[in-house]
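Chain residues, written in single-letter form:
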Amino acid sequence: GHSSLSSIGVPAQEKSGGVGGPALAAPRDGASLVKAMHGMFGAKINIVSSSLASLATLNRGARALPRNKFVPRPNLVLYEYEGSPFCRRVRETLTLLDLHHEVRPTPRETLRSEGKFGVLSRYRGQIAHYPRAKMMFPFLVDHTAGIYLNESNAIVSHLWERYGDSVIGDHRSTFRLWYTNTENRRTVLLSTFFGQMLPGAASNLVVDYDMPRLLAASLLRPLPHMGTFVTPSKDIPENFLQLRLWGFEACPRSRLIREALSTLQLPYRMCTSGEGSPTRDELEHNNGSTVRLPVLEDRNAGLRWEGDEWCAAVQYLFETYATGPTLPLWSPIPNAPQKTTNEPKDNGNC
């Protein structure tokens, strides 16, 4: 469901930075683990498994759908984590609709309870400030529309309804049907394989294939540091500039960088750049030459990586920001209270 921002007096831009728990002293165990995972041999394993994850999702989220007018640029903030199949459904839609957005990662501290979080969670505590919002992810705040929403189906329906009207006809009808809800996906499957809807109980024999393919990608990238569990990271200072990532959901190399940003809970601006996206042309125009995706910028250090440099980017993120090892799958339910967060300076445009 969704609720209005204006009706409850929530400010247009809520606090956004974070603490990530108490200041922890190095050694950076998380950095050493991931450095070993991304050596020459480990990098090949990661890129192969990430490529298989893209294949498992039928490569959805690889392109931006054509439009008959300009691409909208709403002010969207998405709370999500990379390992969630429900979050993946929303990220695919954001790529299809070519919607740039701010990401505030909300990886888990435990598998034993969906909504529990402690001092290590940087952004989960912000959800509690929204009346009637559930501690479930994804969670979207649409400042342009003045509403916030839980549940992936509701978020996807909202994005299509609000920002999908200029998508060219056939693409709009097919993809909107598929992503909106289970009944619509069954309709698409039946019309695709049988040419028409089957009567009565026969239609119920066709299962919803959306969740298995979304879940398959998570199973192919199952380790805690692959965007599912928290890796303790440095406190974010008040003058912290959001990182910026140009890429798209189905890109294997983009996924590997998003996993690191997710587990480290680093806020970033996602500049969706699927095939056919005007953002690619803008990026190459600004760069003055052909650009290989993904592109990651850390304006705090004045550094930039692109294309096959993804491995160096991931190592940098862990070596620079991690302060401890990633929480294990068997972590207990946390009971410590959340802390106040800071707002990162300048959301920045793509």
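Going by the structure above, here's the rest.
Bear in mind that the values here come from a model prediction, so they are computed numbers and not experimental data.

Q: Can you help me understand a nonpolar patch on the surface in this one?
A: On the surface, a nonpolar cluster with roughly 350 Å² of combined accessible area is contributed by Val48, Leu52, Leu55 and Leu220. It is helix H2 (residues 40–56) that contributes the most residues to the nonpolar patch, three residues altogether. Tracing the chain through its elements places valine 48 in helix H2.

Q: Explain unusual backbone geometry here, please?
A: If a residue is not glycine, its phi is most likely negative; likewise, a peptide bond is most likely trans. The amide bond that connects phenylalanine 137 to the next residue, proline 138, takes the cis arrangement and shows omega of 15°. You can see proline 138 is positioned in the loop between helix H4 (124–127) and strand E4 (139–142). Look at the link from leucine 293 to proline 294: it is a cis peptide, with omega at 0°. Its identity is not glycine, yet asparagine 59 carries a phi of approximately 60°, on the positive side. The exposure class of asparagine 59 is partly exposed, given its relative accessible area of 39%.

Q: What exactly am I supposed to notice about the pattern of salt bridges here?
A: When the charged atoms of two side chains with opposite charge come close together, those side chains can pair. Within the structure shown, the criterion is met by 17 salt bridges. A salt bridge links glutamate 249 to arginine 91; the shortest N-O distance between them is 2.7 Å. Placement of glutamate 249 in the loop between strand E6 (243–247) and helix H9 (252–263) and of arginine 91 in helix H3 (residues 85–96) is noted, with a sequence separation of 158 residues between them. For the residue pair glutamate 249 and arginine 91, the accessibility class agrees, reading buried in each case. Each of Glu80, Glu82, Arg88, Arg91, Glu249 and Arg258 takes part in a single network of salt bridges with overlapping partners.

Q: Explain H3 here, please?
A: Note on helix geometry: an α-helix contains 3.6 residues per turn, so any two residues three or four positions apart are oriented the same way. Look at H3: 17 Å from first C-alpha to last across twelve residues, which is about the 16 Å you get at 1.5 Å a residue. Taken across its twelve residues, H3 has eleven buried, putting it largely inside the fold. Listed in full, the buried residues belonging to H3 are Pro85, Cys87, Arg88, Arg89, Val90, Arg91, Glu92, Thr93, Leu94, Thr95 and Leu96. Two or three places before phenylalanine 86, at the opening of H3, serine 84 has a side-chain oxygen 3.3 Å from that residue's backbone nitrogen. A positive backbone phi angle near 60° is found at aspartate 98, which sits one or two residues after H3.

Cut-offs and rules
Residues numbered from 1 in each chain as written. Predicted model: local features only at pLDDT ≥ 70, side-chain atom pairs only at ≥ 80, totals over all residues. Heavy atoms only, no water. Patch = residues over 30% accessible without salt bridge, like charges linked within 9 Å, V, L, I, M, F, W, Y side chains within 5 Å. Areas by Shrake-Rupley, 256 points an atom, 1.4 Å probe, with all protein chains shown as cover. Salt bridge = Lys/Arg side-chain N within 4 Å of Asp/Glu carboxyl O. Helix = DSSP H or I, 4+ residues; strand = E, 2+ residues; numbered from the N terminus. Buried < 20%, exposed > 50% of the residue type's maximum accessible area, 1.4 Å probe, protein only. Expected span 1.5 Å × (residues − 1). Polar contact = N/O pair within 3.5 Å; in protein donor to acceptor, adjacent residues only side chain to side chain.

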